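# Architecture and fold: a report
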Amino acid sequence: MTMIPLQLGAVLARIHAACQAAGRADDSVTLLAVSKTFPAEAVQAAFDAGQSAFGENYIQEAVQKITALRHLPIQWHCIGPVQSNKTRLVAEHFDWVHTVDRLKIAQRLSEQRPKHLPPLQVCLQVNVDGGPTKSGVAPEDALALAQAVAQLPQLQLRGLMCIPEPAANFVAECAVFKRARDLFYALNAAGLSLDTLSMGMSADLEAAIASGSSMVRVGSAIFGSRHYPA
Ligand SMILES: *Cc1c(COP(=O)(O)O)cnc(C)c1O
């Protein structure tokens, strides 16, 4: 816990340096702290150090933390896969979801979003590197999905998210991220108004920022390495 403020500061310094290198303003990139597998106390430590947006992958685990920390003004982002039987929990507890890749899931999220809450903020997950087993909408299907999701009343479509396979080097990382960026531009040119490009993690945030990311999702560089229960 004691290392969290220091490590958070180091990540913010990396983001600053990457923005400088890319000629971008610091406030053009938001840091999402990915707290999956870490306890509410770790989230609290990062919050006390100034971090207010957190990402979680596992819905049940997340709901426990969200409930425990409900007194804090935290923005909660769902960045893990959302199955049909989990849409209600996501719609009721999160502010954002980055992993919508099917219309059916989006429709359920919209129907189940409580009316007293602001619209759920949504990114479409795109399978930019074509991995056959990976989730994410195929790039060629993204425009149709985006147009349909943009019509749903309780959702606000904000942008695209991707999780590329680890690449060999910076140039290779950028090549994949730029596919996501080009798709983002193409959707906006087609009339959508997207402002969020969610890409980059602990290992590749510099390449993501060089390639236009507006939100990096960083876990281990802030909280340490994760230990999954057996
Ligand atoms: C775990 C996770 C992250 C953070 O990964 P790190 O390598 O720990 O920074 C980011 N995005 C998604 C979707 C994740 O599942």
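Reading the values: the criteria
Each chain carries its own residue numbering, running from 1 in the written order of its sequence. The predicted origin of the model limits local features to residues at a pLDDT of at least 70 and limits the giving and counting of side-chain atom pairs to 80 or more, whereas totals for whole chains, interfaces and linings rest on all residues. No hydrogens and no water enter the side-chain calculation; it runs on all heavy atoms of the structure. Strands here are runs of E lasting at least two residues and helices are runs of H or I lasting at least four, both read from the DSSP assignment and numbered beginning at the N terminus. With the radius of gyration taken over C-alpha atoms, the globule rule is written as 2.2 Å times the number of residues to the power 0.38. Only protein chains enter the accessibility calculation, which uses a 1.4 Å probe; a residue whose area is less than 20% of its type maximum is buried, one above 50% is exposed, and one in between is partly exposed. Residue contacts are counted whenever heavy atoms from the two residues lie within 4.5 Å of one another. Note on areas: Shrake-Rupley, 1.4 Å probe, and residue coverage restricted to the protein chains presented here. None of His or the chain ends enter the tally, which takes Lys and Arg as positive and Asp and Glu as negative. For charged residues, the charge sits on one atom: NZ in Lys, CZ in Arg, CG in Asp, CD in Glu. UniProt positions are given in the numbering used here, feature names are shortened, and annotations may be inferred rather than shown by experiment. Directions from the helix axis toward the C-beta atoms define the arc. The term salt bridge refers to a pairing of a side-chain nitrogen on Lys or Arg with a carboxyl oxygen on Asp or Glu at a separation within 4 Å. What qualifies as a polar contact is a pair of N or O atoms within 3.5 Å, subject to a donor-acceptor requirement within protein and to the restriction that residues adjacent in sequence count only when both atoms come from side chains. Consider each residue's heavy atoms; a residue with any of them within 4 Å of a molecule or strand counts as near. Nonpolar residues are Ala, Val, Leu, Ile, Met, Phe, Trp, Tyr, Cys and Pro. Charged residues are Asp, Glu, Lys and Arg, and all others, Gly as well, are polar. Each pair of aromatic rings taken from Phe, Tyr and Trp, with Trp reduced to its six-membered ring, is defined by centres within 6.5 Å and is described as stacked if the planes are under 30 degrees apart, edge-to-face if over 60, and tilted in the remaining cases.

Check the secondary structure of the protein chain and you find nine helices and eight strands. Relative to a compact globule of 230 residues, whose C-alpha radius of gyration would be 17 Å, the protein chain shows 17 Å and is just as compact. Structurally, the protein chain occupies a C-alpha span of about 45 × 40 × 35 Å along its principal axes. For the protein chain, the proportion of its 230 residues judged to be buried stands at 50%. Considering only contacts in the protein chain between residues 6 or more positions apart, those separated by 24 or more positions represent 60%. Split by element, the accessible area of the protein chain, about 10600 Å² in all, is 55% carbon and sulfur. Seen as two clouds, the 19 positive and the 19 negative side-chain charges of the protein chain have centres 5 Å apart.

Bringing the UniProt feature "modified residue: N6-(pyridoxal phosphate)lysine" (unreviewed entry) in the protein chain into the picture now. The positions that UniProt labels "modified residue: N6-(pyridoxal phosphate)lysine" (unreviewed entry) are, in the present scheme, Lys 36. Summarising the element assignment, Lys 36 is placed in the loop between β1 (30-34) and α2 (40-48). With sequence-adjacent residues up to four places away left out, Lys 36 is seen in contact with Gly 55, Glu 56, Asn 57, Tyr 58, Glu 61, Lys 65, Arg 226 and Tyr 228.

For helix α6 (residues 142-150), the full list of buried residues reads Ala 142, Leu 145, Ala 146 and Val 149. For α6, the buried positions fall inside an angular range of 100 degrees around the axis, keeping them on one side. Against the buried residues of α6 lie α5 (103-112), β5 (120-125), β6 (155-161) and α7 (170-189).

Attention now moves to the environment of Ala 203. If you trace the backbone, Ala 203 turns up in the loop between β7 (196-198) and α8 (205-210). You can call Ala 203 exposed: its relative accessible area is 69%. As a C-alpha pair, Ala 203 and Ala 221 span 18 residues in sequence and 8.4 Å in three-dimensional space.

What follows covers the side chain of Arg 113. Inspection of the secondary structure assignment puts Arg 113 in the loop between α5 and β5. The buried charged residue Arg 113 lacks any salt bridge partner; its closest oppositely charged side chain belongs to Asp 95, at an N-O distance of 4.8 Å. Here the side chain of Arg 113 touches Pro 118 through a polar contact of 2.8 Å, landing on its backbone oxygen. When residues no more than four places from it in sequence are discounted, the contact partners of Arg 113 are Val 90, Ala 91, Phe 94, Asp 95, Pro 118, Pro 119, Leu 120 and Gln 154.

What follows deals with the site of the ligand. Around the ligand there are 13 residues in total, and Lys 36, Asn 57, Ser 202, Ser 220 and Arg 226 lie nearest to it. Here Gly 219 contributes a backbone N or O atom positioned 2.8 Å from an oxygen atom of the ligand. If the ligand stood free it would expose 390 Å²; the protein chains cover 89% of that surface. Split by residue class, the shell around the ligand holds six nonpolar, four polar and three charged.

Before going further, it helps to examine the pattern of salt bridges. Counted according to the given criterion, the structure contains seven salt bridges. Ionic pairing is found between Arg 102 and Asp 101, a salt bridge with its closest N-O pair at 3.8 Å. Classification of Asp 101 by relative accessible area gives buried; the value is 19%. Where Asp 195 meets Arg 158, a salt bridge forms, and the shortest distance between an N and an O atom there is 3.0 Å. Of this pair, Asp 195 sits in the loop between α7 and β7 while Arg 158 is found in strand β6, placing the two residues 37 residues apart along the sequence.

Now for the packing of aromatic side chains. The geometry of an aromatic ring pair is captured by the separation of the ring centres together with the interplanar angle, meaning the angle of the planes. Scanning the entire structure with this criterion turns up three aromatic pairs. Both rings, one in Phe 38 and one in Phe 223, keep their centres 5.4 Å apart while their planes meet at 25 degrees; by these two values the pair is stacked. Here Phe 38 is found in the loop between β1 and α2, whereas its partner Phe 223 is found in helix α9 (residues 220-223), with 185 residues between them in sequence. The class for Phe 38 is buried, based on a relative accessible area of 13%. Where Phe 54 meets Trp 76, the ring centres are 6.0 Å apart and the plane angle is 40 degrees; that geometry is what we call tilted. Of this pair, Phe 54 sits in strand β2 (residues 53-56) while Trp 76 sits in strand β3 (residues 75-78), and the two are 22 residues apart along the sequence. Take Phe 54 and Trp 76: they sit in the same class, and that class is buried.

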